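Now for the letters of each chain:
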Amino acid sequence: MRVALIHDHLAQDGGAEKVLKSLAEIYPDAPIYTLLYDKKNIDKYYPGRRIEASIIQKMPGGVKHYQWYMPFMPMAIEFFDLRGFDVVLSDTASFAKGVITGPDTLHICYCHTPTRYLWSDTHQYINELRYNKFFKKIISMVLNYVRIWDRMAADRVDVFIANSDVVAKRIKKYYRRDAKVIFPPTEIEKFHVAGSEVSPADKTENIISQKGNYFLCGCRLVPYKRIDIVIEAFKKLNGHGQPAGSFNETAPQIESSQKPYNLKIFGDGIDLPRLKKIAGDAPNIEFLGRVSDEERARLYAECQAFINPQVEDFGITIMEAMASGRPVIALKQGGARESVIEGKTGEFFLSETPENVIEAVKKFDAKKYVPAEIRAHAEKFSEERFKKEIKEFVEMEYEKFKNDR
């Protein structure tokens with residue numbers, strides 16, 4: 001079975017790219033087609049691998065400012081010639097599903113979401129653009145054209161896989177297609193539980209004392225991730241007479257009446273300047289920028305809890321925190337509802353407001369949680385499980401496809 005992989009682009013490193021990495025390991029001989037790539041990512045994750053990029057790769061600013069070429073991406077993805085492959089497996093949240101395949105090729109799409117800025121988040125996306133009304137109108141017209149193409153592109157897919165139930169529902173609404181749900185992989189082995197694991201009967205101080213005195217956020221810093229409401233919440237927490245405490249990460253958990261409401265944020269992105277402006281000189285908020293895999297694992301393992309304030313399609317960072325034995329405080333929407341077990345692996349808040357975050361953080365009690373139990377839950381979403389489910393599903397669908405020809 002000759003397989004080709006196609007991905008939107010490799011200019012950043014996020015959840016979709018983790019899925020592609022797993023797919024590439026399942027099919028080590030499959031070439032990877034993509035609109036564009038950052039050579040550093042290729043050298044790091046795919047050394048020696050055959051990577052085919054579109055014409056955008058060679059255009060001025062094609063990698064660093066690839067967003068400029070969004071109106072041309074539908075055409076660029078259609079230029080790929082995938083004749084000769086039995087199965088094309090697209091990994092996409094935007095354009096890769098629009099690749100044109102022949103009648104003897106099965107196209108399976110692993111869909112992270114119908115393109116957010118074209119469908120579910122289009123009005124929010126336009127409102128948050130930092131342009132005047134004239135340019136926003138022009139961008140709206142461009143999105144209208146791309147939206148029509150996106151809907152037609154979905155019809156080129158033979159079989160959809162969704163990364164969560166919430167995404168399967170979006171695929172049904174916007175593309176009128178059913179989708180098989182296969183949760184994305186979590187690299188469990190890269191994360192660890194801080195301190196010694198103990199039985200539920202022995203929990204509390206000897207585990208809690210291993211934790212730092214901070215809450216954690218982290219992601220690609222873009223407006224829809226809503227890190228702003230967490231920053232506003234922690235500014236208010238610090239301003240309501242609660243001591244900020246220091247960033248001594250070995251300090252023990254102290255009583256709730258003296259709780260130091262500190263926040264660490266890892267990650268980078270276009271929203272970073274705005275977020276820093278919101279934080280101002282708040283002494284209890286620290287921006288860490290991009291961190292290494294090892295540092296990220298330590299941050300997860302030693303935090304009080306990981307805060308997820310946004311609607312996620314699934315939420316890889318949620319799973320990484322739980323793989324580290326730490327509970328999650330999450331917005332009760334999107335993929336978090338499928339991975340967080342309230343009272344056992346985390347807590348929910350109901351709406352994207354600082355006040356809801358404040359209430360959830362004040363109520364949070366780390367002593368309720370057993371790190372080993374949280375870790376065990378995360379292991380159900382392992383990379384090994386993902387690879388097995390994908391391989392079995394692709395083989396089953398290909399047999400059906402061959403028999404129907």
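Calculation notes
Each chain has its residues counted from 1, following the order in which its sequence is written. It should be noted that, the model being predicted, local features are given only for residues of pLDDT at least 70 and side-chain atom pairs only at 80 or more, the latter also being counted only at that level, while totals for whole chains, interfaces and linings use all residues. The basis for every side-chain value is the complete set of non-hydrogen atoms in the structure, without hydrogens or water. Buried residues of nine kinds, namely Ala, Val, Leu, Ile, Met, Phe, Trp, Tyr and Cys, make up a nonpolar core once their side-chain atoms join them within 4.5 Å. To sort residues, take the accessible area from a 1.4 Å probe on protein chains only and compare it with the maximum for the residue type: under 20% means buried, over 50% means exposed, and anything in between is partly exposed. Numbering of helices and strands runs from the N terminus, with a helix taken as a DSSP run of H or I at least four residues long and a strand as a DSSP run of E at least two residues long. It only takes one pair of heavy atoms within 4.5 Å for two residues to be counted as in contact. Any residue with relative accessible area above 30% and no salt bridge may belong to a patch, with like charges joined within 9 Å and the nonpolar Val, Leu, Ile, Met, Phe, Trp and Tyr side chains within 5 Å. Surface accessibility in these figures is a Shrake-Rupley result with a 1.4 Å probe; residues are shielded only by whichever protein chains are displayed. The working definition used for a salt bridge is a side-chain nitrogen of Lys or Arg within 4 Å of a carboxyl oxygen of Asp or Glu. Cavities and pockets were defined on a 1 Å grid built over protein atoms only: a cavity is a set of grid points that admits a 1.4 Å probe from which the probe cannot escape, a pocket is an open set flanked by protein on both sides within 12 Å along at least five of seven lines, and lining residues are those with an atom within 4 Å of any such point. Grid points are joined across faces, edges and corners, and a volume is the space filled by probe spheres set on the points. Expected helix span is computed as 1.5 Å times (number of residues minus one). Paired rings are identified among Phe, Tyr and Trp, the last through its six-membered ring, by centres lying within 6.5 Å, and are further divided according to the angle between planes into stacked (under 30 degrees), edge-to-face (over 60) and tilted (the rest). Either the NZ atom of lysine or the CZ atom of arginine qualifies as a charge over a ring when it sits within 6 Å of the ring centre and within 35 degrees of the ring normal.

(A) Summary view of the nonpolar core. Counting residues in hydrophobic clusters, the biggest one holds 57 residues, and the most contacted among them are Phe215, Ile231, Phe234, Ile329 and Val361. The element that contributes the greatest number of residues to this core is helix H8 (residues 227-239), accounting for seven residues. Sequence-distant contacts of Phe215, defined by excluding residues within four places in its chain, comprise Phe234, Tyr261, Asn262, Leu263, Lys264, Gln304, Ala305, Ile307, Ile329, Val361 and Phe364. If you look at the next biggest cluster of nonpolar residues, it comprises 39 residues, including Met73, Leu118, Ile126 and Val157.

(B) Structural view of a nonpolar patch on the surface. A contiguous nonpolar surface patch, about 520 Å² in accessible area, is contributed by Ile55, Met59, Phe72, Met75 and Phe79. Mapped onto the secondary structure, Ile55 falls in the loop between strand S3 (51-53) and helix H3 (73-78). When its relative accessible area of 52% is taken as the criterion, Ile55 is described as exposed.

(C) Quick peek at empty space enclosed by the protein. Applying the stated criterion to the full structure yields two cavities of 30 Å³ or more. Here the second largest cavity defines a volume of roughly 30 Å³. Looking at the second largest cavity, the residues that line it are Leu10, Gln12, Asp13, Glu17, Asn41, Tyr45 and Tyr46.

(D) Up close: helix H1 (residues 15-26). Here H1 spans 17 Å end to end across 12 residues, near enough to the 16 Å set by a 1.5 Å rise per residue. Among the 12 residues that make up H1, 10 are buried, leaving the element largely enclosed by the rest of the structure. Buried within H1 we find Ala16, Glu17, Lys18, Val19, Leu20, Lys21, Ser22, Leu23, Ala24 and Ile26.

(E) Representation of the environment of Tyr398 within the structure. Positionally, Tyr398 belongs in helix H15 (residues 383-404). Classification of Tyr398 as buried rests on a relative accessible area of 9%. Note: C-alpha distance between Tyr398 and Thr105 (293 residues apart in sequence) is 9.2 Å. For Tyr398, the residues in contact, after removing those within four places along its chain, are Met1, Asp86, Val87, Leu106 and Arg405.

(F) Inspection of the packing of aromatic side chains at higher detail. According to the stated counting rule, one finds 18 aromatic pairs in the structure shown. Relative to Phe381, the ring of Phe183 has its centre 5.4 Å away and its plane inclined at 55°; by these criteria the two rings are tilted. Of this pair, Phe183 sits in the loop between strand S7 (179-181) and helix H7 (205-208) while Phe381 sits in the loop between helix H14 (371-378) and H15, and the two are 198 residues apart along the sequence. Note on Phe183: relative accessible area 22%, which makes it partly exposed. When the ring of Phe364 is compared with that of Tyr369, the centres are 5.9 Å apart and the planes differ by 15°; the resulting orientation is stacked. Linked through ring pairs, Trp119, Phe160, Tyr174 and Tyr175 together constitute an aromatic cluster. Sitting above the plane of the Tyr214 ring, Lys264 keeps its charged end 5.2 Å from the centroid.

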